[in-house]
Amino acid sequence: MGAILDRALTAAGHEVTVVTRRPTRERQIGWDGLTLGRWAEVVDGGDVVINLAGRSVSCRYTAENLRAMMDSRVNSARAVGQAIAAAAQPPRVWLQMSTATIYAHRFDAANDEATGAIGGSEAGVPDYWAYSVDIAKNWERAQAEAPTPATRKVALRSAMVMSPDRGGVFDVLLGLARLGLGGPVAGGAQYVSWIHDEDFVRAVEFLIERDDIDGPVNLASPGPLPHREFMRTLRAARGVAVGLPATRWMAELGAFALRSDTELLLKSRRVVPGRLSAAGFDFGYPEWQPATVDLVRRARSSRPRAGRSPLT
C-alpha cells in the first residue's frame, strides 16, 4: 500500500517522503519503527502523515509472529504520535492504518462504522482470531491517545487492497486461479471485503481534504461478496473455466506451504463504507466484476497505473 500511495501521490505532484526501515533511494529516510530520529524532522512542517507501518499479516500466526504484529503496529503508531506532539508545525491530518479485521466474523449483516459488530467474542472460531482483533483495537488506541490536539486523526479500517503489483494479494489470488486452484474454500460462504487500488488512493485523498471527518473510517468497496462468487468472478475475468474447491484442511495445507494463515481466507469480513458513502465519496469500482476485469488487464500489461489525483 505504501508503494501504491507513493506512486500515485508523487505522480500527482505532491512531495512525498517515505520513512522506511530500509532506505535505498532519494526521498527515503530510515527508522526502526520504534523511536524518534531524523525522520521526525519531515513530520514537523509536513501537511499530512500517513502511517502504514506494521509487520505483514502474510505469515504463520505463531505466538511470536502475532506478538510482532502487535508490537510493530502499536509501537510505530506511538512513535508517530510522539513526533507529531513534538512538532513546532504539526501536520493538519494523521491518517493511521488500521484494518477491517477489527469487525466480527459474520454472515448475517454488513459491518459499517456505526452499527458494525467488533469481533473477539464470536463462537465457533479459533481462539487466536480474537488476538487479531486485539491488535486492531490497540493499534487504533495508540493513535487516539496520542496528545496531538492540532492534528486531525483518521483510522483507516482498510479491507484488502486489490492491485496488480507483484506480491500483493491480488497477484497471489490470480496465480491460484491460473493454476486451476481458484475455487471456493471451505464452502465459500465467507464474505470477502476488498477495495480497488485506485479507489484506495482516491479515498485517502478524499479524507485528507475533508476536515470534517475523523475517527475510524472503513476503506472498503460497497460490494463485498461471498468467497465462492468472488473467485468465480476472478476466474471469469482471467478466462479460467475451472477452480478446484478446497476443504478447510486443504486450506490449512496450502496456507502452511505459502507460510500464511487460514484466517485470511476463512474469516467472513463483510464490511461496507458507511462514512465514506455518507460523505459523498464516489467509488470508481463499487462492484467486483468490473474491478477484477481492470486488474487482470493491468496485471497482463505489467504496467500498473498510478491513478489520477483529484488534488491536481
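The model shown is predicted, which means the values in this text are computed figures rather than measured ones. The residue numbering used here restarts from 1 in each chain and proceeds along that chain's sequence as written. Under the rules for a predicted model, residues below a pLDDT of 70 receive no local features and side-chain atom pairs below 80 are neither given nor counted, while totals for whole chains, interfaces and linings still include all residues. Side-chain measures here rest on the full set of heavy atoms in the structure, leaving out hydrogens and waters.

Asks: How should the overall build of the protein chain be read in this particular structure?
Replies: Numbering of helices and strands runs from the N terminus, with a helix taken as a DSSP run of H or I at least four residues long and a strand as a DSSP run of E at least two residues long. A count of helices and strands for the protein chain gives 11 helices and 10 strands. C-alpha atoms define the radius of gyration in this analysis, and the globule rule sets the expected value at 2.2 Å times the number of residues to the power 0.38. A globule of 312 residues ought to have a C-alpha radius of gyration of about 20 Å, and the protein chain, at 19 Å, matches this closely. Across the 312 residues of the protein chain, 48% fall into the buried class. We call two residues contacting when some pair of their heavy atoms lies within 4.5 Å. For the protein chain, restricting intrachain contacts to residue pairs at least 6 apart in sequence, the fraction spanning at least 24 positions comes to 78%. Two residue types count as positive, namely Lys and Arg, and two as negative, namely Asp and Glu; His and chain ends fall outside the count. To locate a charge, take atom NZ for lysine, CZ for arginine, CG for aspartate or CD for glutamate. Positive and negative side-chain charges in the protein chain, numbering 38 and 34 respectively, have mean positions lying 6 Å apart. To sort residues, take the accessible area from a 1.4 Å probe on protein chains only and compare it with the maximum for the residue type: under 20% means buried, over 50% means exposed, and anything in between is partly exposed.

Asks: Would you take a moment to explain the packing of aromatic side chains for this structure?
Replies: Note on aromatic pairs: each is described by the distance of the centres and the angle between the planes. Side-chain rings of Phe, Tyr and Trp (the six-membered ring for Trp) are treated as a pair once their centres are within 6.5 Å; stacked means planes under 30 degrees apart, edge-to-face means over 60, and tilted covers the remaining angles. This structure, assessed with the given rule, holds 7 aromatic pairs. Their ring planes at 90° and their centres at 4.8 Å tell us that Phe281 and Phe283 sit as a pair that is edge-to-face. For the pair Phe281 and Phe283, a shared accessibility class is recorded, and that class is buried. One aromatic cluster is present, formed by Phe170, Trp194, Phe230 and Trp288 through successive ring pairs. A ring has a charge above it when a Lys NZ or an Arg CZ is no more than 6 Å from the ring centre and no more than 35 degrees off the ring normal. Positioned above the aromatic ring of Trp139 is the side chain of Arg73, whose terminal nitrogen or guanidinium carbon lies 4.8 Å from the ring centre. Positioned over the ring face of Tyr191 is Arg270, at 4.2 Å from the centre of the ring.

Asks: How should the pairing of strand E3 (residues 48-51) be read in this particular structure?
Replies: Here is the key point about a regular strand: its side chains alternate between the two faces of the sheet. Burial of E3 is one-sided: the residues Val49 and Asn51 facing one way are buried, the residues Val48 and Ile50 facing the other way are not. Think of it this way: DSSP has to see at least two bridges between two strands before they count as a pair. Looking at chain direction, E3 and strand E4 (residues 93-97) are connected through 4 bridges and run parallel. When the bridges of E4 are listed, Asn51 appears paired with Gln96. For the segment spanning E3, helix H3 (residues 63-86) and E4, crossover handedness is right-handed. Place the viewer so that the strands point away; then a crossover is right-handed whenever the path from the first strand over the helix to the second strand goes clockwise.

Asks: Got a minute to help me understand the environment of Ala203 in this structure?
Replies: Within the secondary structure layout, Ala203 lies in helix H6 (residues 197-209). Of the residues examined, Ala203 reaches a relative accessible area of 0% and is grouped as buried. Each C-alpha atom of the pair Ala203 and Met250 lies 36 Å from the other, and the pair is 47 residues apart in sequence. Residue contacts for Ala203: discarding those within four places in its chain leaves Leu219, Leu276 and Phe281.

Asks: Help me understand the side chain of Asp6, please; the structure alone is not making it clear to me.
Replies: Mapped onto the secondary structure, Asp6 falls in helix H1 (residues 2-11). Polar contacts, as used here, are pairs of N or O atoms within 3.5 Å; protein pairs need one atom able to donate a hydrogen and one able to accept it. Residues neighboring in sequence count only if both atoms are side-chain atoms. Within polar-contact distance, the side chain of Asp6 engages the side chain of Arg27 at 3.2 Å. Asp6 has contacts with Val16, Val18, Arg25 and Arg27, leaving out every residue within four places of it along the chain.

Asks: I would appreciate a short explanation of the side chain of Asp199 in the present structure.
Replies: Mapping Asp199 onto the fold places it in helix H6. With near-sequence residues (within four places) excluded, Asp199 lies in contact with Phe281, Phe283, Gly284 and Tyr285.

Asks: When you look at a nonpolar patch on the surface in this model, what are you seeing that I'm missing?
Replies: Exposure above 30% relative accessible area and the absence of a salt bridge qualify a residue for a patch, where like charges join within 9 Å and nonpolar side chains (Val, Leu, Ile, Met, Phe, Trp, Tyr) within 5 Å. Shrake-Rupley sampling with a 1.4 Å probe provides the accessible areas, and residues are treated as covered by the protein chains on show and by no other component. One speaks of a salt bridge when a side-chain nitrogen belonging to Lys or Arg is within 4 Å of a carboxyl oxygen belonging to Asp or Glu. The grouping of Leu179, Leu181, Val242 and Leu244 at the surface amounts to a nonpolar patch, some 400 Å² of accessible area in total. By the element assignment, Val242 lies in the loop between helix H7 (227-238) and helix H8 (248-257).

Asks: Quick question: what am I supposed to make of the packing of helix H5 (residues 169-178) against H7 here?
Replies: If you want to describe how two helices pack, look at the angle between their axes and the distance between the axes. Structural elements are reduced to axes, namely lines fitted to C-alpha atoms, with helices fitted over the stretch in contact, and the angle between N-to-C directions of any two is expressed from 0 to 180 degrees. Between H5 and H7, the least distance of the axes is 10 Å, while the angle of their chain directions is 75°. As far as their axial angle goes, H7 and H5 are roughly perpendicular. Along its contact with H5, which presents Phe170, Leu173, Leu174, Ala177 and Arg178, the element H7 presents Phe230, Met231, Leu234, Arg235 and Arg238. When residues are sorted by character, Ala, Val, Leu, Ile, Met, Phe, Trp, Tyr, Cys and Pro go into the nonpolar class, Asp, Glu, Lys and Arg into the charged class, and all the rest, Gly among them, into the polar class. Here the residues of the contact of H5 with H7 are counted per class, giving 7 nonpolar, no polar and 3 charged. The scheme is simple: roughly parallel for angles under 35 degrees, roughly antiparallel for over 145, roughly perpendicular for 65 to 115, oblique for anything else.

Asks: How do you make sense of the packing of H3 against helix H4 (residues 129-144) when you look at a structure like this?
Replies: For the pair H3 and H4, the least separation of the axes is 8 Å and the interaxial angle reads 10°. In this view, H3 runs roughly parallel relative to H4, as classed from their interaxial angle. Listed contacts from H4 to Leu66, Arg67, Met69, Met70, Arg73, Val74, Ala77 and Arg78 of H3 are Tyr131, Asp134, Ile135, Asn138, Trp139 and Ala142.

Asks: How should I be thinking about the pattern of salt bridges in this particular structure?
Replies: If the charged atoms of two oppositely charged side chains come close together, the side chains can form a pair. Per the stated rule, a full pass over the model turns up 16 salt bridges. Notably, a salt bridge pairs Arg27 with Asp6, separated by 3.2 Å at the nearest N-O pair. Here Asp6 lies in helix H1 and Arg27 lies in the loop between strand E1 (18-20) and strand E2 (28-30), a separation of 21 residues in the sequence. Linking Asp165 and Arg7 is a salt bridge whose minimum nitrogen-to-oxygen distance equals 2.9 Å.

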